[in-house]
Amino acid sequence: MKVEIDEKIIMPTKYGRAEVFSFRGIDGEHVIFAFGNWSTLRAPPVRIHSECLTGDVFGSKRCDCGPQLDEAMRRFTQSAGLLIYLRQEGRGIGLLNKLRAYRLQDAGHDTYEANRLLGFDDDQRDFKVAADMLRALGINQVQLLSNNPRKTRGLEDNGVRVRHRLFTQTHACPDNQKYLAAKAELGGHDGLQSNLLNEAKNDTA
Ligand SMILES: [Zn+2]
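Residues numbered from 1 in each chain as written. Predicted model: local features only at pLDDT ≥ 70, side-chain atom pairs only at ≥ 80, totals over all residues. Heavy atoms only, no water.

### Focus: the overall build of the protein chain
Across its full length, the protein chain holds nine helices and seven strands. For the protein chain, the C-alpha radius of gyration of 17 Å lies close to 17 Å, the compact-globule estimate for 205 residues. Considered along the principal axes of its C-alpha atoms, the protein chain spans approximately 50 × 35 × 30 Å. Across the 205 residues of the protein chain, 49% fall into the buried class. (Helix = DSSP H or I, 4+ residues; strand = E, 2+ residues; numbered from the N terminus. Rg over C-alpha atoms; globule rule 2.2 N^0.38 Å. Buried < 20%, exposed > 50% of the residue type's maximum accessible area, 1.4 Å probe, protein only.)

And the structure:
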């Protein structure tokens, strides 16, 4: 089924005015929040954010999702950009399994091992849908705000060219240090400070 815009509405947010797009022809209720004059840009800035109820809504410090979302929305309202919000909680394993994975992490496993122990891949997320949504808006090249090379590949393999990568800040705190280190070491994320990695290693040694 062809991916098309289902609705486009205006939503005032605490960051600024957004255009919100929903889509038909995709699996899942994914949306795009678009800010500023993105439609005049050849390669608008884009952030692909996967839903994290605990981090996005409740401010959990077990991960850095809340601050990442906040950073993207602030940056895009200052200039322009599109936030693709994918409803794939817990790297695609869902909320209940994410909470089970947290319990395994508390028993000493890293975030990827915990997913595998529950019978899932390291990362169940699908980024093709993000490319489909962008193309439905007529966008076939972007600047991608991400430290995650899987997102770049997910777009490029599905017809959206990543002209530049814009690196995100590191949002570290004592509670998410091991999580960030696992992302850098095992998830191939770039731009995370190597001292985080060393500190976490020392911590578990
Ligand atoms: Zn999170």
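### Side note on the domain arrangement of the protein chain
Under the domain assignment, the protein chain is made up of domain 1 (4–88 + 125–169) and domain 2 (173–205). Of the residues lining the interface, 10 residues belong to domain 1; the matching set on domain 2 comes to 10 residues. Note on domain 1 versus domain 2: buried area summed over both sides is about 800 Å², and carbon and sulfur give 49% of it. When residues of domain 1 are sorted by the area they lose upon contact with domain 2, Lys61, Asp64 and Asn147 head the list and together hold 51% of the total. Counting across the domain 1 and domain 2 interface gives zero salt bridges. There are one residue pair in polar contact (both at pLDDT 80 or more) connecting domain 1 and domain 2. (Domains from an automatic or database assignment. Contact = heavy atoms within 4.5 Å. Buried area = accessible area lost by both parts, 1.4 Å probe. Salt bridge = Lys/Arg side-chain N within 4 Å of Asp/Glu carboxyl O. Polar contact = N/O pair within 3.5 Å; in protein donor to acceptor, adjacent residues only side chain to side chain.)

### A word on helix H2 (residues 65–78)
With 14 residues, H2 extends 20 Å between its outermost C-alpha atoms, agreeing within 8% with the 20 Å of an ideal straight helix rising 1.5 Å per residue. Buried residues of H2: Cys65, Gly66, Gln68, Leu69, Glu71, Ala72, Met73 and Phe76, and no others. Here the buried face of H2 lies against strand S3 (31–35), strand S4 (45–50), helix H1 (53–57), strand S5 (81–86), strand S6 (141–145) and helix H8 (177–186). (Expected span 1.5 Å × (residues − 1).)

### Here's the deal with the coordination of the zinc ion
Ideal coordination angles are 109.5 degrees for a metal with four donors arranged tetrahedrally and 90 or 180 degrees for a metal with six donors arranged octahedrally. Those protein atoms acting as donors to the zinc ion are Cys52 (SG), Cys63 (SG) and Cys65 (SG), and they sit at 2.2 to 2.3 Å. Positions of the donor residues of the zinc ion, expressed as sequence spacing, correspond to C-x10-C-x1-C. Of the two residues, Cys52 sits in the loop between S4 and H1 while Cys63 sits in the loop between H1 and H2, which places them 11 residues apart along the sequence. For Cys52, a relative accessible area of 4% puts it in the buried group. Among the residues examined, Cys63 registers a relative accessible area of 4% and is labelled buried. (Donors = N, O, S within 2.8 Å, 3.2 Å for Na, K, Ca; no water.)

### A closer look at the sheet that holds strand S2 (residues 17–24)
As summarised here, the arrangement of the seven strands in space is S1-S2-S3-S5-S4-S6-S7, forming an open sheet in which the pairing is mixed. Edge positions in the sheet fall to strand S1 (4–12) and strand S7 (161–166), since each has one partner strand and no second. Taken pair by pair, the neighbouring strands of this sheet meet at an average axis angle of 30°, ignoring direction. Here five bridges tie S6 to S7, and the two strands are oriented parallel to one another. Considered in S7, the bridge of Val142 is made with Val162. The strands touched by H2 within the sheet are S3, S4, S5, S6 and S7, with S4 carrying the most contacts at an inclination of about 155°. Across the sheet, helix H7 (residues 149–156) is in contact with S4, S6 and S7; its angle to S7 comes to roughly 160°. (Pairing = 2+ DSSP bridges. Axes fitted to C-alpha atoms, helices over the stretch in contact; angles between N-to-C directions.)

### So, the packing of aromatic side chains
How two aromatic rings sit relative to each other is set out by the distance from centre to centre and by the angle between their planes. Applying the stated criterion to the full structure yields one aromatic pair. Ring centres 6.0 Å apart and planes at 90° place the aromatic pair Phe21 and Trp38 in the edge-to-face group. Of this pair, Phe21 sits in strand S2 while Trp38 sits in the loop between S3 and S4, and the two are 17 residues apart along the sequence. Judged by relative accessible area, which is 4%, Phe21 ranks as buried. The ring of Tyr102 is capped by Arg62, whose NZ or CZ atom sits 4.3 Å from the centre of that ring. (Phe/Tyr/Trp six-rings, centres within 6.5 Å; stacked < 30°, edge-to-face > 60°. Lys NZ or Arg CZ within 6 Å of the ring centre and 35° of its normal.)

### Here's the deal with helix H4 (residues 95–106)
Between its first and last C-alpha atoms H4 spans 17 Å; for 12 residues at 1.5 Å apiece the expected length is 16 Å, and the two agree. Buried within H4 are the following residues: Asn97, Lys98, Ala101, Tyr102, Leu104 and Gln105. Down the axis of H4, the sector holding all buried residues measures 160°, keeping them to one side. Residues of H4 that are exposed and angled more than 90 degrees away from the buried face: Leu96, Arg103 and Asp106. Tucked inside the fold, the buried residues of H4 contact H1, helix H3 (89–92) and helix H5 (111–117). Positive backbone phi, at 115°, marks Gly108, one or two positions downstream of H4. (Arc of directions from axis to C-beta.)

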